[in-house]
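Residues per chain are reported as follows:
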Amino acid sequence: MAFDVFLLIVGLVLIGKGGDMFVDASVLIGRALNVPRFVIGGTLVSLATNAPELAVATTASLAGDSGIALGDAVGSCICNIGLIAGTVAMITPVGAEARDFTIRALWMAAAGGMVVLFSVDGTLSRPLGMVLMLMAAAYLGWDFVGVRRMRKRNRDESARTEEQEALWRAVGTFVLGAVLIVFGARLLVMSAQTLASALGVPTAIIGFSVVAFGTSIPELVTCVAAARKGVVDLALGTVVGSNVLNLFLIVGLAGTINPLTLNTVVQSYAFPWMGFFFGALVVLVRRNGSVGPRAGLGLLALYLVYVVGLTFFPG
């Protein structure tokens, strides 16, 4: 057990260093490509920080463990808003350009609605998993087309020469930061799973709490680092984009590998909480323009209620 604690600490150190590199590189890439940071966070950063969820959910699905696979993806969506957005908002108000946020929020709502609808009978079949994966491809394709349009509209070669020359260095830093985050998160998840299993906790509960939190650490570190550096639109883009990819790409891939079976924890507890947090984020940003410290504290408090409720929910 002492060795697992050591691995957990090493993982946190790697994640912390990787997070700083990640944010700096993301800002430079967005500047060089003439793309808003919210958009960079919504796809590029989200795709990279979702690598732990992708690895864990794929491994769990291959092993036939729907509890870990679904718990990781859906639990991470809840964690992204309750814990991550709440924590960042405690540091500084979190907001983004209204039009960009609204469009991506619609993608997030569609992803949540489709996962709930496709699994209403308690299972998620391979064909429906493939549909979710096609939606992930559509989301990434839509974003790619949007980025190309932004670059053409905002192109200013004389003002951007220096940033363009630094692009490849920024990409290298981004990749190295992503590797540190993913490797550190993997160490953290492995050690946390061992510690949790020693306490006799069911896999579904582990998936929604320990594993979901552990695989969300990259997003947490990246978003907190973004807040400290004054680029909160990158943080919000990462949260929303990560949720879209969690549901379309990760749940879709897990369901394509093996049909997923949902238990009462997923359908009666996690899905309602996910819908609540999705709605809360949209209402707060659309009504106030941002999520402030008081709202962030509220999200954190509700996330704690959700986690505590897991321990009492029969499943």
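Above this text you will find the structure in question.
Counting restarts for each chain, with residues numbered from 1 along the sequence as it is written. pLDDT decides what is reported in this predicted model: residues at 70 or higher carry local features, side-chain atom pairs at 80 or more are listed and counted, and totals for whole chains, interfaces and linings draw on all residues regardless. Based on all heavy atoms of the structure, the side-chain values leave hydrogens and waters out of the count.

Engineer: What's the story with the pattern of salt bridges in this structure? I'm lost.
Structural biologist: A pair is scored as a salt bridge if a Lys or Arg side-chain nitrogen falls within 4 Å of a carboxyl oxygen belonging to Asp or Glu. Here the structure, examined in full by the defined rule, presents one salt bridge. The closest approach of N and O atoms between aspartate 143 and arginine 104, which form a salt bridge, is 2.2 Å. Within this pair, whereas aspartate 143 is found in helix H6 (residues 126–154), its partner arginine 104 is found in helix H5 (residues 98–118), the two being separated by 39 residues in sequence. A single burial state applies to aspartate 143 and to arginine 104, both of which are buried. Per the convention used, a helix needs a DSSP run of H or I reaching at least four residues, while a strand needs a run of E reaching at least two, with both numbered from the N terminus. A simple rule labels every residue: compare its accessible area, found with a 1.4 Å probe on the protein chains alone, to the largest value its type can have, and call it buried under 20%, exposed over 50%, or partly exposed in between.

Engineer: Is there a simple way to explain H5 in this structure?
Structural biologist: Residues spaced three or four apart along an α-helix point in a common direction, a consequence of the helix completing one turn every 3.6 residues. Helix span, as expected, comes to 1.5 Å for every residue beyond the first. If you check H5, its first and last C-alpha atoms are 30 Å apart, about what 21 residues at 1.5 Å a residue would give, namely 30 Å. Taken as a whole, H5 has its buried residues at Asp100, Phe101, Arg104, Ala105, Trp107, Met108, Ala111, Gly112, Met114, Val115 and Phe118. Each polar contact in these results corresponds to two N or O atoms within 3.5 Å; when the atoms are within protein, one needs to be able to donate a hydrogen and the other to accept it, and residues that are neighboring in sequence are counted only if both atoms are side-chain atoms. You can read the cap of H5 off the contacts: a side-chain oxygen lies 3.1 Å from the backbone nitrogen of arginine 99, and it is on glutamate 97.

Engineer: Looking at this structure, how should I read the side chain of asparagine 243?
Structural biologist: Relative to the elements of secondary structure, asparagine 243 occurs in helix H10 (residues 232–257). Taking relative accessible area as the criterion, asparagine 243 reaches 0% and is therefore assigned buried.

Engineer: Which parts of the structure should I look at to understand the packing of helix H4 (residues 66–91) against helix H11 (residues 264–288)?
Structural biologist: What describes two packed helices is the angle between their axes and the distance between those same axes. Their axes nearest at 9 Å, the elements H4 and H11 cross at an angle of 35°. Here H4 and H11 pass one another in a crossing that is left-handed. On the side of H4, the interface is formed by Val74, Cys77, Ile78, Ile81 and Gly82, while H11 contributes Ala270, Phe271, Trp273, Met274, Phe277, Phe278 and Leu281. The residue inventory of the contact of H4 with H11, partitioned by class, reads 11 nonpolar, one polar and no charged. Here, axes are lines fitted to C-alpha atoms. For helices the fit covers the stretch in contact, and angles between N-to-C directions go from 0 to 180 degrees. Crossings are classed by handedness, with left-handed meaning an anticlockwise turn of the near helix from the far one by less than a right angle and right-handed meaning a clockwise turn. In what follows, residue pairs with any heavy atoms lying within 4.5 Å of each other are defined as contacts. Amino acids are sorted into nonpolar (Ala, Val, Leu, Ile, Met, Phe, Trp, Tyr, Cys and Pro), charged (Asp, Glu, Lys and Arg) and polar (every other residue, Gly among them).

Engineer: Please clarify how the side chain of arginine 104 should be interpreted in this entry.
Structural biologist: Arginine 104 gets classed as buried once you look at its relative accessible area, which sits at 3%. A distance of 2.2 Å separates polar atoms of two side chains, one belonging to arginine 104 and the other to aspartate 143.

Engineer: For this particular structure, what's the right way to read the packing of aromatic side chains?
Structural biologist: For any pair of aromatic rings, the description rests on two quantities: the centre-to-centre distance and the angle between the ring planes. Working definition: rings of Phe, Tyr and Trp (its six-membered ring) pair if their centres are within 6.5 Å, and the pair is stacked with planes under 30 degrees apart, edge-to-face with planes over 60 apart, and tilted otherwise. Under the criterion given, the structure shown has 11 aromatic pairs. Pairing tryptophan 107 with tryptophan 142 gives two aromatic rings, centres 5.6 Å apart and planes at 40°, and the pair type is tilted. Linking tryptophan 107 in helix H5 with tryptophan 142 in helix H6, this pair joins segments that are 35 residues apart in sequence. On the basis of relative accessible area, tryptophan 142 is assigned to the partly exposed category, the value being 32%. Ring centres of tryptophan 107 and phenylalanine 248 lie 6.4 Å apart, and the angle between their planes is 90°; on these two criteria the pair is classed as edge-to-face. Of the two residues, tryptophan 107 sits in helix H5 while phenylalanine 248 sits in helix H10, which places them 141 residues apart along the sequence. Exposure remark for tryptophan 107: the relative accessible area of 17% places this residue in the buried category. Members of the aromatic cluster, joined through ring pairs, are Tyr269, Trp273, Phe276, Phe277, Tyr303 and Tyr306.

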